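Chain by chain, the residues:
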Amino acid sequence: MSSTIPPDAASAYRAIFLSDTPLLDVRAPVEFSRGAFPNAVNIPLMDDAEREQVGLRYKEQGQDAAIRLGTQLVAGPVKARRIQAWAEFARANPQGRLYCFRGGLRSQITQRWLKEEAGIDYPRVPGGYKAMRTFLAEVLRDCAVTPGHLVLGGLTGSGKTEVLHAVDNAIDLEAHANHRGSGFGKRVMPQPAQIDFEHRVAIDVLRKQARGYQAMVLEDESRLIGSNALTPELLRTIQTAPLVWLEVPLPQRIERILREYVVDLRAEFVAAHGAAGDMLFSQRLRDSLTAISRRLGGERYARLMTLMQAALARQLEAGDCESHRAWIEALLQEYYDPLYARHMQEKNQRIVFRGETAAVTEYLREQAARAHGQPLRPA
């Protein structure tokens with residue numbers, strides 16, 4: 001597909017993301033919160049209130065008046081503190097770059113003040129955030145429409161993530177979304193903003209491409225991974241690409257769910273919240289079950305909640321997790337497995353290989369080795 005980014009600029013942005021170049025983002029905090037890059041730190045030229053005032057002045061009286069107001073707002077001790085913060089970042093990250101939204105006035109002012117007041121000549125990113133964002137969006141779009149991708153599927157608890165981590169050209173979408181993908185998949189820490197999620201995936205794609213891979217292995221996902229949405233092109237690829245199916249016996253799936261969603265999740269909550277961690281962990285499990293209560297039906301939801309409550313009480317009182325197996329097994333057999341079964345007829349036509357963990361891992365590695373270093377084929 002054609003790109004809106006000139007080749008020389010695309011090459012510069014690719015180098016920035018592949019080398020994890022430290023980035024000084026001088027946009028306002030509200031802009032940064034809506035979307036940023038993993039290697040960026042926000043030290044704004046103007047805070048949110050100042051930016052709002054300057055924006056209003058620009059609409060009412062034009063650019064010159066807006067610049068005069070901005071100069072008045074960011075002056076004296078305020079200006080000195082911001083220059084000091086920029087200088088500390090620049091000295092700690094001499095290989096870094098700075099940018100604003102379009103690589104224009106705000107980054108130019110920051111660059112000039114750093115030079116005049118701190119004696120630091122710090123480079124700007126041409127085009128700023130908007131151009132880098134466009135570049136990453138095009139990377140993700142072009143990757144999604146490239147032929148040759150494989151999709152890894154399997155029932156809940158099959159260990160698809162473990163297989164992905166054993167394959168060099170795999171993209172772990174759930175890791176980038178900080179969510180395990182199911183109704184119980186919410187983690188302790190919040191998910192990234194939608195734009196941040198897309199940036200993370202695109203940068204991962206860039207790294208795989210730099211190692212000679214064009215075709216990727218993707219997990220079989222629905223449109224939403226928690227609150228993060230797949231791009232339309234990526235979703236279409238996942239729904240149509242050849243499918244590799246992971247077959248794992250039910251007892252192993254129960255053990256994995258127990259470990260990840262009970263033992264490990266409780267440990268995460270305790271590590272993050274201390275004494276309150278157990279209460280928050282218990283509430284998270286109950287909330288996750290409640291979130292699918294309508295689809296479970298009243299009787300089944302009540303029965304599973306009773307099992308879960310009893311298991312939580314025993315776990316927190318005696319450290320015994322065995323009782324959790326009852327509700328996990330029932331949830332898999334009565335809810336998640338039938339849910340998959342309803343979609344298997346259409347998926348069966350796409351399956352090119354099926355097997356247990358070792359066989360699937362070996363198959364995906366072989367396919368990656370065959371495709372490694374091949375030139376990009378047209379969509």
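Everything quoted here is computed from the prediction, not taken from an experiment. (Residues numbered from 1 in each chain as written. Predicted model: local features only at pLDDT ≥ 70, side-chain atom pairs only at ≥ 80, totals over all residues. Heavy atoms only, no water.)

## Things to note about the domain arrangement of the chain
Taken as a whole, the chain is organised into domain 1 (7–134) and domain 2 (146–378). Across the boundary between the two partners, domain 1 contributes twelve residues, which contact ten residues of domain 2. Across the domain 1/domain 2 interface, buried area totals approximately 930 Å², and carbon plus sulfur atoms make up 59% of it. Here domain 1 and domain 2 share two salt bridges between them. (Domains from an automatic or database assignment. Contact = heavy atoms within 4.5 Å. Buried area = accessible area lost by both parts, 1.4 Å probe. Salt bridge = Lys/Arg side-chain N within 4 Å of Asp/Glu carboxyl O.)

## Digging into empty space enclosed by the protein
Sizing a probe to match a water molecule and rolling it over the atoms shows the empty space that remains. Applying the stated criterion across every chain, the model contains two cavities of 30 Å³ or more. Around the largest cavity, the lining residues are Thr-156, Ser-182, Phe-184, Ile-257, Tyr-261, Trp-327, Ile-328, Leu-331, Leu-332 and Tyr-336. Only α12 (250–273) and α16 (324–341) provide two or more residues apiece to the lining of the largest cavity. In terms of residues, the lining of the largest cavity owes the most to one element, α16, which gives five residues. Grouping the constituent residues of the lining of the largest cavity by class yields eight nonpolar, two polar and no charged. In this structure, the second largest cavity occupies an estimated 50 Å³ of space. Forming the boundary of the second largest cavity are Leu-140, Cys-143, Ala-144, His-149, Ile-171, Leu-173, Val-201, Val-205, Met-216, Leu-218 and Leu-234. (1 Å grid on protein atoms, 1.4 Å probe; cavity = no way out; pocket = protein on both sides within 12 Å on 5 of 7 lines; lining within 4 Å. Points joined across faces, edges and corners; volume = space filled by probe spheres on them. Helix = DSSP H or I, 4+ residues; strand = E, 2+ residues; numbered from the N terminus. Nonpolar A, V, L, I, M, F, W, Y, C, P; charged D, E, K, R; others polar.)

## A closer look at the pairing of strand β9 (residues 243–246)
Side-chain alternation along β9 places Leu-243 and Trp-245 on one buried face and Val-244 and Leu-246 on a second face that is also buried. Here strand β4 (residues 150–154) runs beside β9; their pairing, made up of four bridges, is parallel. Residue pairing in the sheet places Gly-154 in a bridge with Leu-246 of β9. Pairing geometry for β9 and strand β10 (residues 351–355), over four bridges, is parallel. Residue pairing across strands places Leu-246 opposite Gly-355, the latter belonging to β10. (Buried < 20%, exposed > 50% of the residue type's maximum accessible area, 1.4 Å probe, protein only. Pairing = 2+ DSSP bridges.)

## Structural notes on unusual backbone geometry
Residues other than glycine seldom take positive phi values, yet Asp-20 does so here, at roughly 55 degrees. Relative to the elements of secondary structure, Asp-20 occurs in the loop between α1 (7–18) and β1 (23–25). On the basis of relative accessible area, Asp-20 is assigned to the partly exposed category, the value being 43%. Unusually for a residue other than glycine, Asn-178 sits at a positive phi of about 50 degrees.

## Some thoughts on the sheet that holds β4
With respect to topology, five strands assemble into an open sheet ordered β5-β6-β4-β9-β10, the strand pairing being parallel. For this open sheet the edge positions go to β5 (170–171) and β10, each flanked by a neighbour on one side alone. Judged from the three bridges that link them, β4 and strand β6 (residues 217–219) form a sheet pairing that is parallel. Residue pairing for β6: Leu-152 is matched across the bridge by Glu-219.

## Some words on the UniProt feature "domain: Rhodanese" (unreviewed entry) in the chain
When the UniProt feature table is mapped onto this chain, "domain: Rhodanese" (unreviewed entry) is found at residues 17–144. Secondary structure content for residues 17–144 is 63% helix and 7% strand, while the C-alpha to C-alpha distance between its ends is 19 Å. (UniProt positions renumbered as here; feature names shortened; annotations may be inferred.)

## Quick word on the environment of His-199
Inspection of the secondary structure puts His-199 in helix α10 (residues 194–210). The sequence separation of His-199 and Ala-137 amounts to 62 residues, and the corresponding C-alpha distance is 7.5 Å. For His-199, the contacting residues outside a window of four places in its chain are Ala-36, Phe-37, Tyr-129, Arg-133 and Leu-136.

## Notes on the pattern of salt bridges
If you walk through the whole model with that rule in mind, you get 25 salt bridges. Glu-334 is the partner of Arg-303 in a salt bridge, and the nearest nitrogen-oxygen pair spans 2.8 Å. With a gap of 31 residues between them, Arg-303 in helix α15 (residues 298–318) and Glu-334 in helix α16 connect regions that are remote in the sequence. Taking the shortest distance from any N to any O, the salt bridge between Arg-314 and Asp-320 comes out at 2.9 Å. Taken together, the shared-partner salt bridges connect Glu-299, Arg-300, Arg-303 and Glu-334 into one network.

## As for the side chain of Ser-182
Note on placement: Ser-182 falls in the loop between α9 (173–177) and α10. The contacts of Ser-182, once residues within four sequence positions are left out, are Tyr-261 and Tyr-336.

## As for the UniProt feature "active site" (unreviewed entry) in the chain
The positions that UniProt labels "active site" (unreviewed entry) are, in the present scheme, Cys-100. Looking at where Cys-100 falls in the secondary structure, it is placed in the loop between β3 (97–99) and α6 (105–118). Looking at Cys-100, the relative accessible area reads 3%, which means it is buried. Sequence-distant contacts of Cys-100, that is, excluding residues within four places in its chain, are made with Val-26, Arg-27, Arg-106, Ser-107, Gly-128 and Tyr-129.

## Points about the environment of Pro-123
With respect to the helices, strands and loops of the structure, Pro-123 is situated in the loop between α6 and α7 (128–144). Judged by relative accessible area, Pro-123 falls into the partly exposed class, the value being 33%. It is 33 Å that separates the C-alpha atoms of Pro-123 and Asp-172, two residues lying 49 residues apart in sequence.

## A few points about the sheet that holds strand β2 (residues 40–42)
Strand order in the open sheet made by the three strands is β2-β1-β3, with parallel pairing throughout. Whereas interior strands pair on both sides, the edge strands pair on one side only; in this sheet they are β2 and β3. For this sheet, the mean angle separating the axes of adjacent strands, direction not counted, is 25 degrees. Relative to β2, β1 runs parallel, the two being bridged by three bridges. Directly across from Leu-24, in β2, lies its bridge partner Val-41. (Axes fitted to C-alpha atoms, helices over the stretch in contact; angles between N-to-C directions.)

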